[in-house]
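# Descriptive analysis of the structure
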Amino acid sequence: QKGSFDLMVKVYEQGVVSQWLHSRQIGAMVGFKHILFNIKAPYPFEGKKKINMICGGTGITPMYQALHKIVNTPGDSLEVVVLYGNKNVKDILLREELAKAVEQSGGQ
């Protein structure tokens, strides 16, 4: 839906914001503020033919947003390399979604 986005939030036992978000109903409206300096290079990554994404743990979530957009935009030929680390295999967030993106990308 235009003007909206989905969030994946890891709930931390001592996390004030993650606990608050977790207490909301799925589909609830919450406000967000865009901080311009926090976005280094927004999609469509003008002038880039290849990008590298390096992240660990919950850092995959903003990377996944970009991957989702790249893979699902017809004609986007941007090559993407993702280096993603976790302590354990069971800690991999979005594992199925990442595998599907790799499959959809056709080696992109």
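This section reports on the structure supplied with the text. (Residues numbered from 1 in each chain as written. Predicted model: local features only at pLDDT ≥ 70, side-chain atom pairs only at ≥ 80, totals over all residues. Heavy atoms only, no water.)

## Examining the overall build of the chain
A tally of regular secondary structure across the chain gives three helices and two strands. Helices (α) and strands (β) of the chain occur, in sequence order from the N terminus, as α-β-α-β-α. The dimensions of the chain, computed from C-alpha atoms along their principal axes, are 40 × 35 × 25 Å. Across the 108 residues in the chain, those meeting the buried criterion constitute 20%. If you take every contact in the chain between residues at least 6 apart in sequence, the share linking residues at least 24 apart comes to 65%. Roughly 9,100 Å² of accessible area belongs to the chain as shown, and the carbon and sulfur atoms make up 56% of that amount. Computed over 13 positive and 9 negative side-chain charges, the separation of the two mean positions in the chain equals 7 Å. (Helix = DSSP H or I, 4+ residues; strand = E, 2+ residues; numbered from the N terminus. Buried < 20%, exposed > 50% of the residue type's maximum accessible area, 1.4 Å probe, protein only. Contact = heavy atoms within 4.5 Å. Areas by Shrake-Rupley, 256 points an atom, 1.4 Å probe, with all protein chains shown as cover. Lys, Arg positive; Asp, Glu negative; His and termini not counted. Charge placed at Lys NZ, Arg CZ, Asp CG, Glu CD.)

## Section: the nonpolar core
Formed by 14 residues in total, the largest nonpolar core has its most connected members in I51, V80 and L98. Listed by contribution, the elements that provide at least two residues to this core are β1 (50–56), α2 (60–71) and β2 (79–85). Ranked by residues supplied to this core, first place goes to α2 with five residues. (Core = buried A, V, L, I, M, F, W, Y, C linked by side-chain atoms within 4.5 Å.)

## Concerning α2
Each α-helix winds once per 3.6 residues, and so residues spaced three or four apart point in a common direction. Taking 1.5 Å as the rise per residue, α2 with 12 residues should run 16 Å; its terminal C-alpha atoms sit 16 Å apart, in good agreement. Within α2 the residues assigned to the buried category are I60, Y64, A66, L67, I70 and V71. Along the long axis of α2, the arc covered by the buried residues comes to 165°, so they all point the same way. Residues of α2 that are buried sit in contact with β1, β2 and α3 (95–105). (Expected span 1.5 Å × (residues − 1). Arc of directions from axis to C-beta.)

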